[in-house]
Amino acid sequence: MAQDKNRRQVIKNIGLGAGALGMASISKVFAANASEEKISEKAISGKINHSVCRWCYGDIPLEAFAKACKEMGIQAIDLLKPSEWETVEAHGLVCSMATDDFASIPHGFNNPENHAKLQEAYKGLIQKAADHKIKNVICFSGNREGMDDETGLQNCVTGLTPLLEFAQERNVNLVMELLNSKVNHPDYMCDHTAWGVKLCQELGFDNFKLLYDIYHMQIMEGDVIRTIRENHQYINHYHTGGNPGRHEIDETQELFYPAIMEAIAGLDFDGFVAQEFIPTWEDKLAALRKAIQICNV
């Protein structure tokens, strides 16, 4: 009986301690999400080239957004259309990944019916990018729609080859994004690193690379750091995002971004890491500023 009483008291004490720790953790989360939080900033190290995706901050006028990005040490803005390039260039930034309205996630190069239309549209975008000295243009595999992965891969080879020759002459890369087909983009074909790497190998062009979206690949396959290290020669761009939810990349989610950034920096990566999380803070720019500091390894 005495032993049972002691055991109950020990369990009670453990419970109280855990409760205190839990409240401390909850307080920490609330503090992290307070938009008025004073973020301790350090100088940008230069080990990571910082960018940010425009669409996550679409309610902020581009001119004001570009100015804010410049002030916090961001060097580029991702996923801009040609009409937006000069605005960011005027603030000393570059477009780190070009796009336009025709670029479609579900309707991509895995379907031969799309080839002629996509090739014509992409040639125009590639030429505009070259004229602005923009290095990267995004592209997509498209959805499976019942097609097997090998057929889709060979169709991508057929559709992309003439474009890559055109882009190579203009010093432009075509970059295919890896996206998850589990949560956000059902049926998307380029949903695993291995498939994207095989496409790179089959094409054999130095100016065709992958956009490794850390959020998407955490959902599909995990093992992020090992995958990056083993396939870094096929990757020329990264996107961030907290999982689950694609929100802030802080301690509220499961990925530890400082370690991921150290792994990327350790590979002498000279491309861009673009923040692509959807801010939940009232002060969205404060959330972005904290993300840059998290990745400032």
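Here's a quick rundown of the structure. (Residues numbered from 1 in each chain as written. Predicted model: local features only at pLDDT ≥ 70, side-chain atom pairs only at ≥ 80, totals over all residues. Heavy atoms only, no water.)

### Let's talk about empty space enclosed by the protein
A full pass over the atoms with the stated rule returns 1 cavity of 30 Å³ or more. What the largest cavity holds in volume is close to 40 Å³. Every residue along the wall of the largest cavity is listed here: Glu248, Ile249, Asp250, Trp281, Ala287, Lys290, Ala291 and Ile294. Considered class by class, the residues forming the lining of the largest cavity number 5 nonpolar, no polar and 3 charged. (1 Å grid on protein atoms, 1.4 Å probe; cavity = no way out; pocket = protein on both sides within 12 Å on 5 of 7 lines; lining within 4 Å. Points joined across faces, edges and corners; volume = space filled by probe spheres on them. Nonpolar A, V, L, I, M, F, W, Y, C, P; charged D, E, K, R; others polar.)

### Describing the packing of helix α2 (residues 62-71) against helix α3 (residues 82-89)
Interhelical geometry of α2 versus α3 gives an angle of 45° and a closest axis separation of 9 Å. In terms of orientation, α2 lies oblique with respect to α3. For α2 against α3, the interelement crossing comes out right-handed. Residues Leu62, Glu63 and Ala66 of α2 pack against Glu84, Thr87 and Val88 of α3. (Axes fitted to C-alpha atoms, helices over the stretch in contact; angles between N-to-C directions. Helix = DSSP H or I, 4+ residues; strand = E, 2+ residues; numbered from the N terminus. Parallel < 35°, antiparallel > 145°, perpendicular 65-115°, else oblique. Left-handed = near helix turned anticlockwise from the far one by under 90°. Contact = heavy atoms within 4.5 Å.)

### What to know about the layout of surface pockets
Of the pockets and cavities examined, the largest pocket occupies roughly 390 Å³. Forming the walls of the largest pocket are 19 residues, and the residues nearest its centre are Trp55, Leu79, Ile105, Phe140 and Glu276. Looking at the lining of the largest pocket residue by residue, the classes come out as 7 nonpolar, 5 polar and 7 charged. Taken together, 21 residues line the second largest pocket, and the ones lying closest to its centre are Asn136, Asn236, Asp270, Gly271 and Phe272. If you list the elements that add at least two residues to the lining of the second largest pocket, you get β3 (94-98) and β7 (235-239).

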